[in-house]
Amino acid sequence: MKLSLFNLSLAKPVTDLFEQVFSDSEGAEEGKVIGDLVTNIISSTPEQDLIGFVASTNEQVVGCIFFSRMLLASDDVAFILSPVAIATDQQGQGLGQQLINHGIEQLKKLEVDIVITYGDPNFYGKVGFTQISEQQIEAPFKLGHPEGWLAQSLSGRTIPSIEGASQCIAALNKPEYW
Ligand SMILES: CC(C)(COP(=O)(O)OP(=O)(O)OC[C@H]1O[C@@H](n2cnc3c(N)ncnc32)[C@H](O)[C@@H]1OP(=O)(O)O)[C@@H](O)C(=O)NCCC(=O)NCCS
């Protein structure tokens with residue numbers, strides 16, 4: 001498997017991958033929702049606020065992950081991991097964890113302080129995330145599943161309690177995603 005930086009020439013295979021993987025796991029309707037979300041993330045996010053990585057084998061895209069900037073009410077540089085997908089027939093072999101760990105290593109080199117995500121604590125716990133509260137870091141909207149609010153420090157410092165609102169990119173700024 002080859003890991004590389006996402007670029008716009010990969011927009012179509014990457015969007016197709018997300019739509020297919022989420023159709024397989026959660027039904028065609030959710031597949032369409034996530035495909036549209038990824039199209040929106042790619043087309044509307046300023047370059048400096050988005051970083052993606054692609055996993056491929058034999059020139060075929062088999063995985064993708066996006067991190068986008070979150071503005072916190074502190075000086076910490078923060079990105080949120082969302083979404084990530086591994087091709088359905090390649091799941092359960094460690095590729096997802098490899099892709100996430102690769103992305104996190106690259107963010108560390110870019111001096112990102114905190115990576116946040118919102119998902120399954122059991123899965124993301126395998127790649128260094130721990131649960132945080134909405135008091136510690138406010139989410140852009142009140143969370144439907146606060147147990148899935150997760151973060152990890154890349155700076156070596158403990159994640160502080162940050163008082164004040166946070167802001168995500170426009171594509172994620174919809175209450176239904178939270
Ligand atoms: C979630 C996802 C990215 C994980 O990637 P993956 O390559 O399947 O995961 P890995 O093989 O690296 O790790 C699997 C671990 O998570 C669990 N797991 C998650 N999905 C699994 C699957 N389909 N099959 C087996 N194990 C799975 C296992 O417990 C395993 O733990 P272990 O390594 O200690 O046994 C991938 O399954 C996927 O794309 N799922 C559908 C889309 C999705 O839910 N994305 C996340 C929300 S944005």
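Details of the structure are given in the entry above.
Source: prediction; values computed, not measured.

Calculation rules
Residues numbered from 1 in each chain as written. Predicted model: local features only at pLDDT ≥ 70, side-chain atom pairs only at ≥ 80, totals over all residues. Heavy atoms only, no water. Core = buried A, V, L, I, M, F, W, Y, C linked by side-chain atoms within 4.5 Å. Buried < 20%, exposed > 50% of the residue type's maximum accessible area, 1.4 Å probe, protein only. Helix = DSSP H or I, 4+ residues; strand = E, 2+ residues; numbered from the N terminus. Contact = heavy atoms within 4.5 Å. Salt bridge = Lys/Arg side-chain N within 4 Å of Asp/Glu carboxyl O. Near = heavy atom within 4 Å. Polar contact = N/O pair within 3.5 Å; in protein donor to acceptor, adjacent residues only side chain to side chain. Areas by Shrake-Rupley, 256 points an atom, 1.4 Å probe, with all protein chains shown as cover. Nonpolar A, V, L, I, M, F, W, Y, C, P; charged D, E, K, R; others polar. Pairing = 2+ DSSP bridges. Axes fitted to C-alpha atoms, helices over the stretch in contact; angles between N-to-C directions. Phe/Tyr/Trp six-rings, centres within 6.5 Å; stacked < 30°, edge-to-face > 60°.

K.L.:
Lay out the nonpolar core with the relevant residues and their values.
P.N.:
Of all hydrophobic cores here, the largest spans 61 residues; its most connected members are V14, F67 and I116. Looking at this core, the elements that each hand over two or more residues are α1 (11-26), α2 (28-44), β2 (50-57), β3 (60-70), β4 (78-86), α3 (95-109), β5 (114-118) and β7 (149-153). Not counting the four nearest positions on each side in its chain, I116 is found in contact with M70, L72, A78, F79, I80, L81, F129, I137, W149, L150 and A151.

K.L.:
Outline the pattern of salt bridges, supporting the account with residue identities and numerical values.
P.N.:
Taken as a whole, this structure holds 6 salt bridges when the rule is applied. One salt bridge connects D16 with K12, and the closest N-O pair in it is separated by 2.8 Å. In this pair, D16 and K12 are both assigned in helix α1, 4 residues apart and thus about one turn of the helix distant. Accessibility expressed as a relative area gives 35% for D16, which makes it partly exposed. In this structure, E105 engages K108 in a salt bridge whose closest nitrogen and oxygen atoms are separated by 3.4 Å. Within this pair, E105 and its partner K108 are both found in helix α3, separated by 3 residues, close to a single helical turn.

K.L.:
Describe the site of the ligand, listing the residues and the values that go with them.
P.N.:
Around the ligand sit 16 residues in total, of which I86, G92, G94, G96 and Q97 are the nearest. V84 has a polar backbone atom sitting 3.0 Å from a nitrogen atom of the ligand. The backbone of Q93 places a nitrogen or oxygen atom 3.1 Å from an oxygen atom of the ligand. In the complex, the protein chains occlude 60% of the 880 Å² of accessible area that the ligand would expose alone. Of all elements in the fold, only α1, β4, α3 and α4 (121-124) reach the threshold of two or more residues within the shell around the ligand. Sorting elements by how many residues they give to the shell around the ligand places β4 first, with 4 residues. Classifying every residue of the shell around the ligand gives 9 nonpolar, 6 polar and 1 charged.

K.L.:
Explain the sheet that holds β3 to me, and be specific about the residues and the numbers.
P.N.:
Pairing is mixed in the open sheet, where 7 strands are placed in the order β1-β2-β3-β4-β5-β7-β6. Since the sheet does not close on itself, it has two edges, and those belong to β1 (2-5) and β6 (130-131), each with one partner. In this structure, β5 lies alongside β7, joined through 5 bridges in antiparallel fashion. From the neighbouring strand, V115 faces β7, where its bridge partner is Q152. Against the sheet, α2 engages β2, β3 and β4, with an angle of about 135° to β4.

K.L.:
Give a description of the environment of T117 that names residues and reports values.
P.N.:
Its location among the elements puts T117 in strand β5. Here T117 is in contact with I80, L81, Y124, F129, G148, W149 and L150, once residues within four sequence places are set aside.

K.L.:
If you had to explain the packing of aromatic side chains to someone new, which residues and values would you point to?
P.N.:
In the structure shown here, the tally under the stated rule is 8 aromatic pairs. Ring geometry for F53 versus F67: centroids 6.3 Å apart, planes at 75°, classification edge-to-face. With F53 in strand β2 and F67 in strand β3, this pair connects stretches of sequence that are 14 residues apart. Relative accessible area serves as the criterion here: at 2%, F53 is assigned to the buried category.

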